[in-house]
Amino acid sequence: MSGDIAILGAGMHPWGKWGRSFVEYGTAAARAALADAGIDWTQVESVVGADTVRGGYPGHVAGATFAKALGWQGARVTSVYAACASGAQAIGAARAQILAGLADVVLVVGADAAPKGFFAPAGGERPDDPDWLRFRVLGATNPAYFGLYARRRMALHGDTVDDFAQVKVKNAAAGALNANARYRKTVSAEEVAASAVVADPLRLLDICATSDGAAALVLTSVDFARRHGAADPVRIRAVSTVTPTYPRAVLDLPDIATDSAVSVEPSPHSFRASIARAAYEEAGIGPEDVSLAEVYDLSTALELEWYEDLGLCGTGEGAKLLRDGATALGGRIPVNASGGLASFGEAVPAQAIAQVCELTWQLRGTAGDRQVAGARVGITANQGLFGHGSSVIAVR
């Protein structure tokens with residue numbers, strides 16, 4: 001049996017700060033995806049929701065929340081939480097149900113109404129929570145973590161603050177062409193340099209915002225898609241959700257542990273590189289086959305790291321790839337043709353799903369002014385708290 005599943009529909013609610021419930025955003029995205037697929041809600045056999053933890057409990061368990069909002073019709077429900085990788089794990093759960101023959105049509109939804117400012121852990125004493133520990137023990141807020149990574153790249157590879165700024169320039173140019181993006185304005189390197197310092201060397205425009213937004217996909221078996229009239233649908237060929245491997249020679253916040261197994265040689269690959277490697281192996285392709293990538297650009301410096309982790313260039317060569325124009329629209333391997341989180345901001349349960357929406361439109365050839373010419377293979381990359389990684393490969 002083929003491991004492929006079809007993406008029959010993709011839909012989003014625009015990102016922004018709308019001041020409404022995440023349920024409203026997710027329902028709008030779901031309806032858009034159903035309309036795009038030409039599927040009636042009553043045909044959906046399963047709903048997999050990426051949880052919005054800040055929505056609280058009781059009531060807001062995403063699978064059931066969106067099934068109820070769309071109108072109870074008997075579909076099975078699943079709810080998934082993996083921090084920023086929640087959306088990809090929701091896709092993985094939907095894919096497993098389809099390949100197991102449990103459902104032919106699955107709706108995947110993620111939505112968020114994020115707080116203002118940078119994310120912080122909820123109150124209370126939680127010494128077993130690595131997210132709480134890195135704030136309490138290390139004082140390592142997200143921007144501090146981003147700044148440390150930027151400094152490390154500067155020390156090891158000679159990256160400069162202008163290299164970081166050029167990532168924002170590139171992504172803002174793409175985001176200006178995307179009707180779903182929160183920030184639809186081009187930005188210059190001078191404007192990045194003039195923005196406030198947040199965590200030296202990173203400035204405000206080097207770091208993504210927190211946003212409201214939603215994304216949804218209608219996933220089906222390939223046979224169902226063809227019976228439905230989609231002779232050559234975009235297909236998901238791999239979903240990687242691997243965890244780190246000990247021992248770890250470099251601390252990778254927010255997972256601040258290393259290991260006591262000192263007799264074991266460290267892995268030659270970083271955690272993030274292992275995420276992509278597992279996806280490539282499952283899909284039976286390599287970086288040389290990729291037409292475009294959507295990566296998790298929490299900061300401009302972290303985007304450069306992803307170039308290397310995805311194998312788009314060698315270690316330490318990310319800034320050169322950027323300077324050569326390879327990762328811009330029109331370049332050899334566009335990265336974040338959507339505009340990335342730089343243009344959208346974080347809507348945590350939705351963002352990995354939104355990445356696959358962008359791949360879908362690109363591989364269909366319907367991305368408009370953002371279109372990557374001849375796109376045939378796309379990869380996403382994401383990393384969540386507590387050792388969650390994710391990568392999805394879509395093909396046409």
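Criteria and cut-off values
Residues numbered from 1 in each chain as written. Predicted model: local features only at pLDDT ≥ 70, side-chain atom pairs only at ≥ 80, totals over all residues. Heavy atoms only, no water. Core = buried A, V, L, I, M, F, W, Y, C linked by side-chain atoms within 4.5 Å. Buried < 20%, exposed > 50% of the residue type's maximum accessible area, 1.4 Å probe, protein only. Helix = DSSP H or I, 4+ residues; strand = E, 2+ residues; numbered from the N terminus. Contact = heavy atoms within 4.5 Å. Expected span 1.5 Å × (residues − 1). Pairing = 2+ DSSP bridges. Axes fitted to C-alpha atoms, helices over the stretch in contact; angles between N-to-C directions. Salt bridge = Lys/Arg side-chain N within 4 Å of Asp/Glu carboxyl O. Disulfide = S-S within 2.5 Å. UniProt positions renumbered as here; feature names shortened; annotations may be inferred. Phe/Tyr/Trp six-rings, centres within 6.5 Å; stacked < 30°, edge-to-face > 60°. Lys NZ or Arg CZ within 6 Å of the ring centre and 35° of its normal.

**Q** Looking at this structure, how should I read the nonpolar core?
**A** It is characteristic of soluble globular proteins that their nonpolar side chains tend to be buried jointly. Within the largest apolar cluster, 46 residues are counted, with the highest numbers of intra-cluster contacts made by Tyr280, Leu310 and Ile393. For this core, the elements supplying multiple residues, two or more each, are helix H5 (142-157), helix H6 (161-175), helix H9 (271-283), strand S9 (292-295), helix H10 (300-309), helix H11 (318-323), strand S10 (377-384) and strand S11 (388-395). If sequence neighbours within four positions are ignored, isoleucine 393 has contacts with Arg235, Ile236, Arg237, Ala238, Ala279, Tyr280, Ala283, Ile285, Val377, Gly378 and Ile379. Counting residues in hydrophobic clusters, the runner-up holds 40 residues, among them Ile91, Ala103, Phe344 and Cys357.

**Q** Explain helix H13 (residues 351-364) here, please?
**A** Each turn of an α-helix holds 3.6 residues, which means side chains three or four residues apart point in the same direction. Taking 1.5 Å of rise per residue, 14 residues should cover 20 Å, and H13 covers 20 Å from first to last C-alpha, within 8% of that figure. In terms of residue burial, H13 counts as a mostly covered element, since 13 of its 14 residues are buried. Note on H13: the residue one or two positions beyond its end, glycine 365, has a positive phi of about 80 degrees.

**Q** What is the right way to read the sheet that holds strand S4 (residues 105-113) from this model?
**A** Strand pairing in a sheet relies on backbone hydrogen bonds. The paired strands run either parallel or antiparallel. Spatial ordering of the open sheet is given by S3-S2-S4-S7-S1-S8-S11-S10-S9, a layout of 9 strands whose pairing is mixed. With one partner strand each, in any of the chains shown, strand S3 (76-80) and S9 form the two edges of the open sheet. Shown here is a sheet whose adjacent strand axes are inclined to one another by a mean of 25 degrees, direction ignored. Note that S10 and S11 share 6 bridges and pair antiparallel. Residue pairing for S11: asparagine 382 is matched across the bridge by serine 390.

**Q** For this particular structure, what's the right way to read the pattern of salt bridges?
**A** Two side chains bearing opposite charge may form a pair once their charged atoms approach each other closely. Taken as a whole, this structure holds 19 salt bridges when the rule is applied. The residue arginine 151 makes a salt bridge to aspartate 200 at a minimum N-O spacing of 2.5 Å. With arginine 151 in helix H5 and aspartate 200 in the loop between strand S5 (197-199) and strand S6 (202-203), the pair connects residues that are 49 residues apart, well separated along the chain. Its relative accessible area of 38% is what places arginine 151 among the partly exposed residues. Among the ionic pairs, arginine 272 bridges to glutamate 305, the shortest N-O distance being 3.6 Å.

**Q** Hey, could you run me through the state of the cysteines in this one?
**A** A covalent bond between the sulfur atoms of two cysteines is referred to as a disulfide. Tallied over the entire structure, the rule returns 0 disulfides. Summary of cysteine pairing: cysteine 357 is not part of a disulfide, and the nearest cysteine sulfur, belonging to cysteine 84, is at 17 Å.

**Q** Just to check I follow, could you spell out the pairing of S11 for this structure?
**A** For a regular strand, side chains alternate in direction, first toward one face of the sheet and then toward the other. Counting buried residues in S11 gives 8 out of 8 residues, a clear majority hidden from the surface. Going residue by residue along S11, you find His388, Ser390, Val392 and Ala394 tucked away on one face and Gly389, Ser391, Ile393 and Val395 tucked away on the opposite face as well. Count of turn residues in the S10/S11 antiparallel hairpin: 3 residues, of which phenylalanine 386 carries a positive phi of about 65 degrees.

**Q** In this structure, what is going on with the UniProt feature "domain: Thiolase C-terminal" (unreviewed entry) in the protein? I would like to understand it.
**A** As recorded in UniProt, the feature "domain: Thiolase C-terminal" (unreviewed entry) lies at residues 276-392. The distance separating the terminal C-alpha atoms of residues 276-392 is 9 Å; by composition the span is 37% helix and 15% strand.

**Q** I'm lost on unusual backbone geometry in this one. Help?
**A** Residues apart from glycine generally show negative phi values, whereas peptide bonds are mostly found in trans. Going from aspartate 200 to proline 201, the amide bond is cis rather than trans, its omega being 15 degrees. Checked against the element boundaries, proline 201 lands in the loop between S5 and S6. One non-glycine residue, alanine 83, lies in the positive phi region at around 55 degrees. Following the sequence through the fold, alanine 83 ends up in the loop between S3 and helix H3 (86-99). For asparagine 336, which is not glycine, the phi dihedral falls at a positive 60 degrees. Following the sequence through the fold, asparagine 336 ends up in the loop between H11 and helix H12 (340-344).

**Q** Quick question: what am I supposed to make of the packing of aromatic side chains here?
**A** To describe a pair of aromatic rings, you give the distance between the ring centres and the angle between the ring planes. In the structure shown here, the tally under the stated rule is 4 aromatic pairs. A ring pair is formed by phenylalanine 22 and phenylalanine 66, whose centres lie 6.1 Å apart and whose planes are at 90 degrees; its orientation type is edge-to-face. With phenylalanine 22 in helix H1 (residues 22-37) and phenylalanine 66 in helix H2 (residues 62-70), this pair connects stretches of sequence that are 44 residues apart. The residues phenylalanine 22 and phenylalanine 66 share a single accessibility class, namely buried. Just above the ring of tyrosine 183 sits the side chain of lysine 168; from NZ or CZ to the centre is 5.9 Å. Cation over ring: arginine 272 sits above tryptophan 306, and NZ or CZ is 5.6 Å from the ring centre.

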